[in-house]
Each structure stands twice: as C-alpha cells, then as structure tokens.
Amino acid sequence: MPVTATRAGARHRYPIDLQAYLTTRTAAVNRALDRFLPRATTRPATIHKAMRYSLFAGGKRMRPALSLAAAEACGGALADALPLACAVECIHTYSLIHDDLPAMDNDDYRRGKLTNHKVFGEGIAILAGDALLTRAFEIAAQFKSGTRYRHSDVILELASAAGSLQLIAGQVADLEGEGRKISGAELKYIHERKTSALLCCSTRLGGMSANCTPAQLAALTDFGYNVGLAFQIIDDILDITQTSEQLGKTAGKDTAARKATYPAIIGLEKSRKIAQRLTHRAFDALKIFRGNAVALEALATYLLQRDR
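One structure accompanies this document, and this report is about it. Just so you know, the residues in each chain are numbered from 1, in the order the chain's sequence is written. Reporting in this predicted model follows two pLDDT cut-offs: at least 70 for local features of residues, and 80 or more for side-chain atom pairs to be given and counted; totals over whole chains, interfaces and linings ignore these cut-offs and use all residues. As a rule here, side-chain values cover all heavy atoms of the structure and leave hydrogens and water aside.

### Observations regarding the overall build of the chain
- Tallying secondary structure elements over the chain gives 15 helices and four strands in all.
- Residues classed as buried in the chain amount to 52% of the 308 residues present.
- By definition, residues are in contact when any of their heavy atoms lie within 4.5 Å. Here the analysis covers contacts within the chain between residues at least 6 apart in sequence; of these, 72% occur between residues at least 24 apart.
- If you sum the accessible surface of the chain, you get close to 13,700 Å²; carbon and sulfur atoms cover 53% of it. Secondary structure elements are defined from DSSP: runs of H or I of at least 4 residues count as helices, runs of E of at least 2 residues count as strands, and each element is numbered from the N terminus. We call a residue buried when its accessible area falls under 20% of the maximum for its residue type, exposed when it is over 50%, and partly exposed in between, using a 1.4 Å probe and counting protein chains only. Residue exposure ignores everything except the shown protein chains as possible cover, and the areas themselves are Shrake-Rupley values with a 1.4 Å probe.

### Re empty space enclosed by the protein
- Grid points spaced at 1 Å over the protein atoms alone were grouped into cavities, where a 1.4 Å probe fits but cannot get out, and pockets, open sets with protein on both sides within 12 Å along at least five of seven lines, with lining residues defined by an atom within 4 Å of a point. Grid points are joined across faces, edges and corners, and a volume is the space filled by probe spheres set on the points. Inspection of the entire model under this criterion finds three cavities of 30 Å³ or more.
- The calculated volume of the largest cavity comes to roughly 100 Å³.
- If you trace the largest cavity, you find 13 residues lining it, with Ser54, Ile97, Asp100, Arg110 and Asn116 closest to the centre.
- Residue assignment for the lining of the largest cavity shows that the elements contributing at least two residues are α2 (45-55), α4 (78-99) and β4 (113-114).
- Each residue is assigned to one of three groups, with Ala, Val, Leu, Ile, Met, Phe, Trp, Tyr, Cys and Pro labelled nonpolar, Asp, Glu, Lys and Arg labelled charged, and all others, Gly among them, labelled polar. Of the residues in the lining of the largest cavity, the class split is five nonpolar, four polar and four charged.

### Regarding the packing of aromatic side chains
- The criterion for an aromatic pair is that two Phe, Tyr or Trp rings (for Trp, the six-membered ring) have centres within 6.5 Å, with stacked assigned to planes under 30 degrees apart, edge-to-face to planes over 60 apart and tilted to the rest. Enumeration according to the criterion identifies one aromatic pair in this entry.
- Put simply, a charge is over a ring when the Lys NZ or the Arg CZ is close to the ring centre, within 6 Å, and near the line of the ring normal, within 35 degrees. Seen from the ring of phenylalanine 231, arginine 63 lies directly overhead, with NZ or CZ sitting 5.3 Å from the centre.
- In this structure, arginine 306 is placed above the aromatic ring of phenylalanine 231, and the distance from its NZ or CZ to the ring centre is 4.1 Å.

### What about the nonpolar core?
- Core analysis: the largest hydrophobic core is formed by 72 residues, its most contacted members being Phe223 and Leu296.
- It is α4 that contributes the most residues to this core, 11 residues altogether.
- Setting aside residues no more than four positions away along its own chain, leucine 296 makes contact with Leu66, Ala69, Ala70, Ala73, Leu220, Phe223 and Leu286.
- The term nonpolar core refers to a set of buried residues drawn from Ala, Val, Leu, Ile, Met, Phe, Trp, Tyr and Cys, joined through side-chain atoms within 4.5 Å. Within the second largest apolar cluster, 15 residues are counted, among which are Ala173, Ile190, Ile234 and Ile237.

### A look at the environment of isoleucine 190
- Looking at the element boundaries, isoleucine 190 is found in helix α9 (residues 184-209).
- Taking relative accessible area as the criterion, isoleucine 190 reaches 5% and is therefore assigned buried.
- Distance from isoleucine 190 to alanine 169, taken between C-alpha atoms, is 7.6 Å for residues 21 residues apart in sequence.
- Ignoring any residue separated from it by four or fewer positions in sequence, one finds isoleucine 190 in contact with Gly170, Ala173, Asp174, Ile182 and Thr195.

### A word on the environment of aspartate 17
- Mapped onto the elements, aspartate 17 comes out in the loop between β2 (14-16) and α1 (18-36).
- Looking at aspartate 17, the relative accessible area reads 34%, which means it is partly exposed.
- The spatial distance from the C-alpha of aspartate 17 to the C-alpha of alanine 295 is 9.2 Å, given a sequence separation of 278 residues.

### Focus on the packing of α1 against helix α15 (residues 294-305)
- All axes are obtained by fitting lines to C-alpha atoms, using only the stretch in contact for helices, and the reported angles, taken between N-to-C directions, cover 0 to 180 degrees. Orientation of α1 relative to α15, taken along the N-to-C sense of each, is 105°, at an axis distance of 11 Å. The angle between α1 and α15 falls in the class roughly perpendicular. For the pair formed by α1 and α15, the contact residues are Leu18, Tyr21 and Leu22 on the first element and Ala295, Ala298, Leu299 and Tyr302 on the second.
- Partitioning the contact of α1 with α15 into residue classes produces seven nonpolar, no polar and no charged. Here roughly perpendicular refers to angles of 65 to 115 degrees, roughly parallel to angles under 35, roughly antiparallel to angles over 145, and oblique to all remaining angles.

### So, the environment of alanine 295
- If you trace the backbone, alanine 295 turns up in helix α15.
- Between the C-alpha atoms of alanine 295 and leucine 68, which are 227 residues apart in sequence, the distance is 9.2 Å.
- Once you skip the residues sitting within four places of it in the chain, alanine 295 turns out to touch Ile16, Tyr21, Ala69 and Glu72.

### As for α2
- Listing the buried residues of α2 in full gives Ile47, His48, Ala50, Met51, Arg52, Ser54 and Leu55.
- Buried-residue contacts for α2 involve α1, α4, α5 (116-120) and α6 (122-140).

### Quick look at the pattern of salt bridges
- The rule for a salt bridge is simple: a side-chain nitrogen of Lys or Arg has to be within 4 Å of a carboxyl oxygen of Asp or Glu. Using the criterion set out here, one finds 16 salt bridges in the structure.
- Among the ionic pairs, aspartate 153 bridges to arginine 150, the shortest N-O distance being 3.8 Å.
- Overall, aspartate 153 belongs to the partly exposed group, its relative accessible area being 23%.
- The exposure class of arginine 150 is exposed, given its relative accessible area of 53%.
- In this structure, arginine 193 and glutamate 192 form a salt bridge, with 3.0 Å as the shortest nitrogen-oxygen distance.
- On the basis of relative accessibility, which here comes to 17%, the residue arginine 193 falls in the buried class.
- Given the relative accessible area of 19%, glutamate 192 is considered buried.
- Each of Asp34, Arg39 and Arg52 takes part in salt bridges that share partners, so that together they form one network.

### Overview of helix α14 (residues 268-285)
- Given the number of residues in a helix, its expected span is that number minus one, multiplied by 1.5 Å. Relative to the 26 Å expected for 18 residues at 1.5 Å per residue, α14 spans 26 Å between its end C-alpha atoms, a close match to the ideal helical length.
- Residues Ser271, Ile274, Ala275, Leu278, Thr279, Ala282, Phe283 and Ala285 constitute the buried set of α14.

Below is the structure:
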C-alpha cells in the first residue's frame, strides 16, 4: 500500500510505496545477515542456533532500513551500506535478548515468539547476545572505506552508540528508575540513550557509507535523534494501548514494573503531541537533501503513526 509522508504545513507530498520499500530492503538485509553469520550447524551449534533464532525472528528491520535510506539520500549504493546496516541490527538484537532476561525486563515473548532464554536457557541467551554484539564489529569491519570515513570511524561510531555512555547507560538508568518517581529530564536521558542513540547511529552510518558531507552527516544526526525519541514515546504509548497479540510482546510491562514513561508522567495526549513535534523536527532536518530523502521521510511518518 502506498504511504505518503508529508511535512507538517508543507505544500508538497512525497509518495512512496513504503510496504514495497521495506519488503525489498528487509529481504536484502536478511540475505546479508545470513551470509555474515555462521551457519546454525557450525560448532558449537547451540550458540549459532540461538543467535539466528533471535536475529531471524521476524523483526521489521527498521534500523537497517534507516541506514539504507540515509545512504540513498546521500547518493550512496545499497551494497556499500549493507554491512553497517547489518551490524546495527546485530547490536539491536543483542540488546533485545539481554533486555528480555529475568534480571532485566523478564519477558516471555518478543516479536511474537518465545524469548531467547525461554528457548535456550539464560546462559546461552546471555552468550548469544554477547556473540551478536561481537559479530557486529566483525561485520562493520567489512565496510568499504571512502575518502572521508575510515574503518576506525565506523567502529568508533558503533562502539560509542552501544557503550556505557549511550545504549547501556539508558538500560542502567531504566533499571534504576523502576518503582521511582523520576523527572521528565531523567526520562529524556533514558530515551536518548536506550533508543535514540542506536537509531541515530543507524542514519549516521548510512550517510558515512555514502561518503556524505559534514553538513549531511549533521542533518542525519539531527534526524536520527528526533526520530529516535519519537519512536520510544510511541512505544510507551503502545505499551498501554495495544494488546500483547498486536505488539508481539507482553503489553503493559512498563506499568506492571512501575517504569517511568511519557504517558505516565504527562499523559497520552501530551505524549502524542511531543512525538509529533519531534517528527516535525526530523522532517526539517532533511531539507538539506532537497527532495532526495523521500524514504527517510516516509519512515519517520510510519514510525509516528504505527500501531505496533
């Protein structure tokens, strides 16, 4: 079904068949991931089965799609962006495996399937997450460096987004905030790191794979940051408005765990307005691409309007 992304207040509309776009990009990413990972029968088979179980559990591949769309906006090639898009997806999947563990969010379902530790046990689930995190850097090392960005640049980008100052920092703050009344600023700190950091990294890496200019990289950074925050706010909203069957994971977990969320602090309607405002800012960041960021605009609109 064609999806139209429209900048708020703009006269122009940017039609794109987003379903077809996501289908082709997801297929390309899945083929690449299949090549990049050891076969399920490779010794020790248990760990490689566990890695593949979560990686190919039916995710929407939204972070790789953002990477590929960012590369396209900068005139890059799909083949050059794929290793970095796949590396981001490996890091994302590792974070989900660990996030679902009993010591973290203690969830039984992810993407409509039993979580990794429910199938393989906690020990293997931990190691599968570790292995995917490590594999991400092996995949990223296959990046074809250009005149502006070297291997060290993309490795640093990934490590920074996944490290103790960003993704892990958000996880820690999220755990420490359970059952506690926290401020809006503290909640924003969590969202910026737990979700926005990796989404922002995705768009930046896509641009870097296309040898983007510093101005383009700054625009992609601004876009990724705002879309990332909006994404998590919508996630918070869906957790209390959708069913487990719709989400593919246990609904109402945030409320049950007494986690701070935007709806809990400021209410549903204000949360939706903030997500809309962030998405508008993301659209504004793309002006530099002069109509060449159609896919990014459509993805931003989809992430704002999604129902799962």
